[in-house]
Amino acid sequence: SDPIPEHSLQLILEAASCAPSVGFSQPWEFVVVTSAQRREAIRACFDRENSKAVELFEGEKAAQYQRLKLDGIVESPLNIAVFYRPHNEPVLGQTSMDEVGRYSVVCAIQNMWLMARSLNIGMGWVSILDPEQVKHILGVPSNRELVGYLCLGYVDEFYSQPELER
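Bringing the sheet that holds strand S2 (residues 78-84) into the picture now. An order of S1-S2-S4-S3 is seen for the four strands of this open sheet, with the pairing classed as antiparallel. Across the chains shown, the open sheet's two edge strands, defined by having one partner strand only, are strand S1 (28-33) and strand S3 (121-126). Strand-to-strand twist across the sheet, computed as the mean angle between neighbouring axes with direction ignored, equals 25°. Along the sheet, helix H1 (residues 6-17) makes contact with S1, S2, S3 and strand S4 (145-154), crossing S1 at roughly 165°.

Structural data, given as structure tokens:
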């Protein structure tokens, strides 16, 4: 729960902004979420979606799913929602493959992840969310698409293998 210094946040966002993007479109938008009220609302959204997801698994897989730590929305000091912003006119390189704009946003997220790790900051990607509810909670325009909801914070240690692999 230790706060992330403003300087570190800026380095993480600058790394994201340096990501490659098809047609130099830079179609990403970042919403830094520090408000406890908004994070509680996002957590409630997670809880609703998570309870639906539990029902998809049976037996040991269900038990394993319930043991996993799947979010840090409230526990971490900082959340960042990352959105894809479609362009209103054709973009060089995106005329045949519309999805490459979204792929560009994923490249920005990877740059964020690498910078965070270099600063000894852990980052988790919460994907068990209703994107429309998240947009409503954060007051984001309806034409944006949620690509990632990220929780950042200092961790006790970095494992040699991802937790889900272990």
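Text resumes after the structure shown.
Of all seven residues making up S2, seven are buried, and the element is well covered by its neighbours. Burial along S2 is two-sided: the residues Leu78, Ile80, Val82 and Tyr84 and Asn79, Ala81 and Phe83 are all buried. When S1 meets S2, the two strands line up antiparallel, connected through six bridges. Among the inter-strand pairings, valine 32 is bridged to a residue of S2, identified as isoleucine 80. Taken together, the seven bridges between S2 and S4 define a ladder with antiparallel strand orientation.

A side chain of one charge can pair with a side chain of the opposite charge if their charged atoms are brought near each other. Evaluation of the coordinates by the stated rule reveals eight salt bridges. Residues arginine 102 and glutamate 145 are paired through a salt bridge, measuring 2.8 Å at the closest nitrogen-oxygen approach. Of the two residues, arginine 102 is situated in helix H4 (residues 100-118) and glutamate 145 in strand S4; the sequence distance between them amounts to 43 residues. By relative accessible area, arginine 102 is classed as partly exposed at 26%. You can call glutamate 145 partly exposed: its relative accessible area is 30%. When the shortest N-O distance is used, the salt bridge between glutamate 132 and lysine 135 registers 3.1 Å. Linking glutamate 132 with lysine 135, this pair stays in helix H5 (residues 131-138), spanning three residues, or about one helical turn.

A word on a nonpolar patch on the surface. On the surface, a nonpolar cluster with roughly 260 Å² of combined accessible area is contributed by Val106, Trp113 and Trp125. Mapped onto the secondary structure, tryptophan 113 falls in helix H4.

Moving on, we get to the packing of H1 against H4. Axis separation between H1 and H4 bottoms out at 7 Å; the angle between their running directions is 145°. Crossing of H1 over H4 shows right-handed handedness. Contacts between H1 and H4 involve Leu11, Ile12, Leu13, Ala15 and Ala16 from the first element and Ala108, Asn111, Met112, Met115 and Ala116 from the second. Residue classes in the contact of H1 with H4 are distributed as nine nonpolar, one polar and no charged.

In this section: the packing of helix H2 (residues 36-54) against H5. Two numbers describe how H2 lies on H5: the axes approach to 10 Å, and their chain directions differ by 170°. On the basis of the axis angle, H2 is roughly antiparallel to H5. Of the two elements, H2 crosses H5, and the hand of that crossing is right-handed. Contacts between H2 and H5 pair Arg38, Ala41, Ile42, Cys45 and Arg48 from the former with Gln133, Val134, Ile137 and Leu138 from the latter. The class makeup of the residues in the contact of H2 with H5 is six nonpolar, one polar and two charged.

In this fold, glutamate 40 is placed in helix H2. Note on glutamate 40: relative accessible area 43%, which makes it partly exposed.

Ranked by internal contacts, the top residues of the largest apolar core, which has 20 residues, are Ile80, Val82, Met112, Leu150 and Leu152. Only H1, S2, H4, S3 and S4 provide two or more residues apiece to this core. It is H4 that contributes the most residues to this core, five residues altogether. Look past the residues within four positions of isoleucine 80 in its chain and what remains in contact with it is Leu9, Leu13, Phe30, Val31, Val32, Met112, Gly148, Tyr149, Leu150 and Leu152. By size, the runner-up hydrophobic cluster in this structure holds 19 residues, among which are Ile42, Leu129, Ile137 and Tyr149.

Cut-offs and rules
Residues numbered from 1 in each chain as written. Predicted model: local features only at pLDDT ≥ 70, side-chain atom pairs only at ≥ 80, totals over all residues. Heavy atoms only, no water. Pairing = 2+ DSSP bridges. Helix = DSSP H or I, 4+ residues; strand = E, 2+ residues; numbered from the N terminus. Axes fitted to C-alpha atoms, helices over the stretch in contact; angles between N-to-C directions. Contact = heavy atoms within 4.5 Å. Buried < 20%, exposed > 50% of the residue type's maximum accessible area, 1.4 Å probe, protein only. Salt bridge = Lys/Arg side-chain N within 4 Å of Asp/Glu carboxyl O. Patch = residues over 30% accessible without salt bridge, like charges linked within 9 Å, V, L, I, M, F, W, Y side chains within 5 Å. Areas by Shrake-Rupley, 256 points an atom, 1.4 Å probe, with all protein chains shown as cover. Left-handed = near helix turned anticlockwise from the far one by under 90°. Nonpolar A, V, L, I, M, F, W, Y, C, P; charged D, E, K, R; others polar. Parallel < 35°, antiparallel > 145°, perpendicular 65-115°, else oblique. Core = buried A, V, L, I, M, F, W, Y, C linked by side-chain atoms within 4.5 Å.

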